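Each chain is listed here by its residues.
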Amino acid sequence: MSIASAGRVATGAGTGTGTGRRGAVRAHPAAVLSVIAAGVPAVLGLWWCGTPRVAGLGDWLSGAGRITGLLAAYGIAVLLALMARIPPLERGVGSDRLARWHAMGGRYVVALATAHTLLIIWGYAVADGTDVASETVTLNLSYPDVLAATVAVLLLVGVGIISARAIRPLLRYETWFHLHFYTYLAAWLAFGHQLSTGSEFVGSPVARTAWYALYLGVAAALAWYRFLTPVRQALRHRLRVDRVEPEAPGVVSVYLSGRRLGRLRAEPGQFFRWRFLTRDLWWSANPYSLSAVPQPDELRITVKDLGDQSRRLARLRPGTWVVAEGPSGAFTPGRRRHGRKVLLVAGGVGITPLRALFESIPAAPGDLTLLYRARSEEDLVFRTELEEIAGRREAALHYCVGPRDQVGDPFTPEVLARLVPELARHEVYVCGPTGMTGAAVSALRAAGIPDRHIHHESFEF
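Summary of the structure given here. (Residues numbered from 1 in each chain as written. Predicted model: local features only at pLDDT ≥ 70, side-chain atom pairs only at ≥ 80, totals over all residues. Heavy atoms only, no water.)

Topic: the overall build of the protein chain
At step 1: Of the regular secondary structure elements, the protein chain holds 16 helices and 12 strands.
At step 2: Its C-alpha atoms give the protein chain principal-axis dimensions of roughly 85 × 50 × 45 Å.
At step 3: Burial statistics for the protein chain: of 461 residues in total, 48% are counted as buried.
At step 4: Summarising the internal contacts of the protein chain: among those between residues at least 6 apart in sequence, 75% fall at separations of at least 24.
At step 5: A total accessible area of about 21500 Å² is found for the protein chain, and carbon and sulfur atoms account for 61% of it.
At step 6: On the protein chain, the mean spot of the 50 positive side-chain charges and the mean spot of the 36 negative ones are 5 Å from each other. (Helix = DSSP H or I, 4+ residues; strand = E, 2+ residues; numbered from the N terminus. Buried < 20%, exposed > 50% of the residue type's maximum accessible area, 1.4 Å probe, protein only. Contact = heavy atoms within 4.5 Å. Areas by Shrake-Rupley, 256 points an atom, 1.4 Å probe, with all protein chains shown as cover. Lys, Arg positive; Asp, Glu negative; His and termini not counted. Charge placed at Lys NZ, Arg CZ, Asp CG, Glu CD.)

As structure tokens, then:
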């Protein structure tokens, strides 16, 4: 294995800038899941109160269809709330974990919506003494709200298909992202259908009020945090491109200047979704991490050429206006437990948030280590900066460079224990491609580090 160490250079005691803002509200993941779970019996209670009796196969099938429909509609509201970019969720749960919850919940919602459609049609067909095909035509042609609900289900199924693991890599990020906006249309169609035809709501003002409150609350959060807040921040901070500098082959840093940037409350390790207002970039907002500690008048991101959008950033002109949505992510110094040493593990362009953490995370001299995996010497980004920080902070810096078939697996419990003395006493931050992140996290667990001391982020969410 080829692992080079920059060693520790005792040129300063530096303990970091400690820029984490502890006053920011952070939602705990377990609390968020508890709130979501508490909504399920409440939704089932709506069906129970709105169903006086169940008699015969047709009623049982229709009842099951109503339950799955209520749960699907509740699930849509939850999915939209998870992606509303509400700051306490973003800071406490983390964007990548929210995205995983959203993806998992989406599969359940599509299944529930499909089951609702089939069960309702089957139940009505049994009650009317007809076949399923005829009942399907009758319901859709006779009841406009049912047709709208059918369109909503088809939209949800379509979004689910393009999000499948086998399909999503075939689509550009921008295409996949914008097709997801059809979920809003599906939610609106389903909402109207349930209020107009659902027996749980037709005769119950309380139930209707609760459902309105749920959907209008989520809609308000989406409108405020996803649309109005970025516009407000753009007007307040007036972000513009200051300069673009090359860092490595296919990698550039974009420096952004603006006013009162400290009010953004950005922390090292976080990211923004950036919209550069040029003719070919304005319509797409892509997530990029801060690659340096945020300053009152300057932010920096570093981007690797991974497609058309990132390639165009290298040609940005100074003065280009920028809309930044964020900050987002819980991959921050505030997650660290006091009294523990710190290990940072980076792979490829995953060095970008870790470079900011390497400079700023509180750690005593000798208690901070960075492991950096890259395919070649040319792919090492920020090498000069990292070595300067390592020297100033008396931190350990190790490189693992070369193709996998030459260097082997750099993330095994044995290798990590050899490189990092007292490994089990470390708080660990891992960022890189999904495969590398998974391998590193598994090795850290095998080395005896509890999950609560391992923080990881993949930039492929």
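Brief notes about the sheet that holds strand β2 (residues 240-248)
At step 1: The strand order across the open sheet built from three strands is β2-β3-β6, with neighbouring strands paired in antiparallel fashion. Of all strands in the sheet, those with a lone pairing partner are β2 and β6 (298-304), marking the two edges. Taken over all neighbouring pairs, the strand axes of this sheet differ in orientation by 20° on average, direction set aside.
At step 2: Note: strand β3 (residues 251-257) against β6, seven bridges, orientation antiparallel. (Pairing = 2+ DSSP bridges. Axes fitted to C-alpha atoms, helices over the stretch in contact; angles between N-to-C directions.)

Some remarks on the side chain of S284
At step 1: Mapped onto the secondary structure, S284 falls in the loop between β4 (271-276) and β5 (286-289).
At step 2: A polar contact is formed between the side chain of S284 and the side chain of N286, at a distance of 2.8 Å. (Polar contact = N/O pair within 3.5 Å; in protein donor to acceptor, adjacent residues only side chain to side chain.)

Quick word on helix α5 (residues 132-142)
At step 1: The complete set of buried residues in α5 reads E135, L139 and N140. Buried residues of α5, viewed axially, fall in a sector of 120°; they line one side. In α5, the exposed residues that point more than 90 degrees away from the buried face are A133 and L141.
At step 2: Backbone nitrogen of A133 and a side-chain oxygen of the N-cap are separated by 3.2 Å at the start of α5; the cap is D131. (Arc of directions from axis to C-beta.)

A closer look at the packing of helix α2 (residues 56-82) against helix α8 (residues 182-197)
At step 1: Running from N to C, α2 and α8 point in directions that differ by 140°, and their axes come no closer than 10 Å. Regarding the angle of α2 to α8, the classification is oblique. Classified by chirality, the crossing of α8 by α2 is left-handed. Across from G69, L70, A73, I76 and L80 in α2, the residues of α8 making contact are T183, Y184, A187 and Q194.
At step 2: Here the residues of the contact of α2 with α8 are counted per class, giving six nonpolar, three polar and no charged. (Parallel < 35°, antiparallel > 145°, perpendicular 65-115°, else oblique. Left-handed = near helix turned anticlockwise from the far one by under 90°. Nonpolar A, V, L, I, M, F, W, Y, C, P; charged D, E, K, R; others polar.)

Remarks on the packing of aromatic side chains
At step 1: For the structure on display, the rule yields nine aromatic pairs.
At step 2: Look at F181 and Y184: their rings are 5.5 Å apart centre to centre, the planes differ by 65°, and that puts the pair in the edge-to-face class.
At step 3: Between the aromatic rings of F272 and W274, the centroid separation amounts to 5.1 Å while the plane-to-plane angle is 45°, which identifies the pairing as tilted. With respect to burial, F272 and W274 carry one shared label: buried.
At step 4: Through a chain of ring-to-ring contacts, the aromatic side chains of F191, F201, W211, Y212 and Y215 assemble into a single cluster.
At step 5: Geometry around W321 places R240 over its ring, the cationic atom sitting 4.7 Å from the centre. (Phe/Tyr/Trp six-rings, centres within 6.5 Å; stacked < 30°, edge-to-face > 60°. Lys NZ or Arg CZ within 6 Å of the ring centre and 35° of its normal.)

Focus: the pairing of strand β10 (residues 396-401)
At step 1: The buried count for β10 comes to six of six residues, which makes it a mostly enclosed element.
At step 2: The alternating pattern of β10 places A396, H398 and C400 on one face and L397, Y399 and V401 on the opposite face, and all of these are buried.
At step 3: Two strands pair when backbone bridges link them, and strand β9 (residues 368-374) and β10 are joined in this way by six bridges, in the parallel orientation. Bridge pairing links A374 to V401 in β10.
At step 4: With helix α13 (residues 383-393) bridging β9 and its parallel neighbour β10, the resulting β-α-β unit is right-handed. (Right-handed = clockwise from strand over helix to strand, strands pointing away.)

Quick word on helix α12 (residues 351-360)
At step 1: α12 sits mainly inside the fold: 10 of its 10 residues count as buried.
At step 2: Within α12 the residues assigned to the buried category are I351, T352, P353, L354, R355, A356, L357, F358, E359 and S360.

Looking at the nonpolar core
At step 1: Ranked by internal contacts, the top residues of the largest apolar core, which has 40 residues, are I76, F201, W211 and Y215.
At step 2: Sorting the residues of this core by element identifies α1 (29-49), α2, α4 (95-128), α6 (144-162), α8 and α10 (205-237) as the ones contributing at least two each.
At step 3: When residues in this core are grouped by element, the largest group, 11 residues, is from α2.
At step 4: Membership of the second largest hydrophobic core comes to 28 residues, among which are A248, V251, A346 and L354. (Core = buried A, V, L, I, M, F, W, Y, C linked by side-chain atoms within 4.5 Å.)

Quick notes on the sheet that holds strand β7 (residues 322-328)
At step 1: With respect to topology, three strands assemble into an open sheet ordered β5-β4-β7, the strand pairing being antiparallel. With partners counted over all chains shown, the strands left at the sheet margins are β5 and β7, one partner each. With direction set aside, neighbouring strand axes in the sheet form an average angle of 30°.
At step 2: Here four bridges tie β4 to β5, and the two strands are oriented antiparallel to one another. Considered in β5, the bridge of F271 is made with S289.

Thoughts on the environment of Q406
At step 1: Inspection of the secondary structure puts Q406 in helix α14 (residues 404-407).
At step 2: Taking C-alpha positions, Q406 is 28 Å from I454, a pair spaced 48 residues apart along the chain.

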